[in-house]
Structures are given as structure tokens and as C-alpha cells.
Amino acid sequence: MQIGLCESNKEYKLWKKAEILNQQKNKDEALKIYLELFENNQANYDYLKKINEILIEKQDYKLLIKCYDEYLENLLSINNKFEVEVKLLEIKIWDQDIEWINYLYVLIVQF
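All figures in this text were calculated on a predicted structure; none of them were measured in a lab.

**Q** For this particular structure, what's the right way to read the packing of helix 5 (residues 81-94) against helix 6 (residues 100-110)?
**A** Helix-helix packing: each pair is described by the crossing angle between the helix axes and the interaxial distance. Packing of helix 5 against helix 6 leaves a shortest axis separation of 9 Å and a crossing angle of 165°. Considered as vectors, helix 5 and helix 6 are oriented roughly antiparallel to each other. Here helix 5 runs over helix 6; the crossing is left-handed. Contacts between helix 5 and helix 6 involve K81, E85, V86, L88, L89, K92 and I93 from the former and W100, Y103, L104, L107 and Q110 from the latter.

In C-alpha cells:
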């Protein structure tokens, strides 16, 4: 993440702390911080990507689906909408969510 993308100095410090924790393999603590940052800025794709990495490793697909849904609800630009929608479909399949086929149909119609 670039410094200019952070909204505040506090946000930047939290981001750096989470990065260090993540590099030290302290994934649970890093995840808590990434989730806190994401809660305050649900349109930030960098936060979502970090959450994605950790939750896929932990196979916590329910929480990850929730984060993707929140991101899509707060999406400011359509530049990466298709990419995010496809990633969410993939996660729903991994989670063996029975609704994934309906979600696929919606994506086909939408795009």
C-alpha cells in the first residue's frame, strides 16, 4: 500500500503494524488489524486483499464472503468489479455454498 492511499497517519501506522505481524506469521493479530481497517474503509481493496490472503489460508470462507459482499456494497469504482465478483464466486464454490450457481447466473446476466 502506498502512503498516499492511507486516509490518516493512524491508519498508516495500523497498516504497517499489521504488515509486520503478517510477516512474522502472527496471522491472527494481523487479521484483527486488517479487519479493523476494512471496517473503517470498506471500499479499500488493499485491505480486502490482505484479509483474503489470511482467511483463505484459515479456510474461513464465511467471513471472507461477508467481507467481499461489504466491499461490493461500498465499491466506489467499477474498474475491478468483475474481478471482485469472480473472486467472490470462486470463494462461494470453495465454501460449497449451494447458492454459487445462482450467483454465477447473475454474473452471466450482469456482465
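**Q** How should a nonpolar patch on the surface be read in this particular structure?
**A** Together, I93, W94, W100 and I101 make up a nonpolar patch on the protein surface, roughly 350 Å² of accessible area in all. Of all the secondary-structure elements, those providing two or more residues to the nonpolar patch are helix 5 and helix 6. Mapped onto the elements of the fold, W100 is located in helix 6. Taking the relative accessible area as the measure of exposure, W100 reaches 30% and is therefore partly exposed.

**Q** I tried to follow the packing of aromatic side chains on my own but got confused; where do I start?
**A** Aromatic ring pairs are described here by two measures, namely the spacing of the ring centres and the angle between the planes. For the structure shown, the criterion picks out 5 aromatic pairs. Arranged with centres 5.5 Å apart and planes meeting at 40°, the rings of W15 and Y47 form a pair that is tilted. Highlighted residues: W15 in helix 1 (residues 9-23) and Y47 in helix 3 (residues 45-58), separated in sequence by 32 residues. Just as W15 is buried, Y47 falls in that class too. Ring geometry for Y45 versus Y71: centroids 5.4 Å apart, planes at 40°, classification tilted. Here the residue Y45 occupies a position in helix 3, and Y71 occupies one in helix 4 (residues 61-73), the gap between them amounting to 26 residues. Taken together, the ring pairs in this structure connect W15, Y34 and Y47 into an aromatic cluster. Directly above the aromatic system of Y103 lies the positively charged group of K92, at a separation of 4.7 Å from the ring centroid.

Reading the values: the criteria
Residues numbered from 1 in each chain as written. Predicted model: local features only at pLDDT ≥ 70, side-chain atom pairs only at ≥ 80, totals over all residues. Heavy atoms only, no water. Axes fitted to C-alpha atoms, helices over the stretch in contact; angles between N-to-C directions. Helix = DSSP H or I, 4+ residues; strand = E, 2+ residues; numbered from the N terminus. Parallel < 35°, antiparallel > 145°, perpendicular 65-115°, else oblique. Left-handed = near helix turned anticlockwise from the far one by under 90°. Contact = heavy atoms within 4.5 Å. Patch = residues over 30% accessible without salt bridge, like charges linked within 9 Å, V, L, I, M, F, W, Y side chains within 5 Å. Areas by Shrake-Rupley, 256 points an atom, 1.4 Å probe, with all protein chains shown as cover. Salt bridge = Lys/Arg side-chain N within 4 Å of Asp/Glu carboxyl O. Buried < 20%, exposed > 50% of the residue type's maximum accessible area, 1.4 Å probe, protein only. Phe/Tyr/Trp six-rings, centres within 6.5 Å; stacked < 30°, edge-to-face > 60°. Lys NZ or Arg CZ within 6 Å of the ring centre and 35° of its normal.

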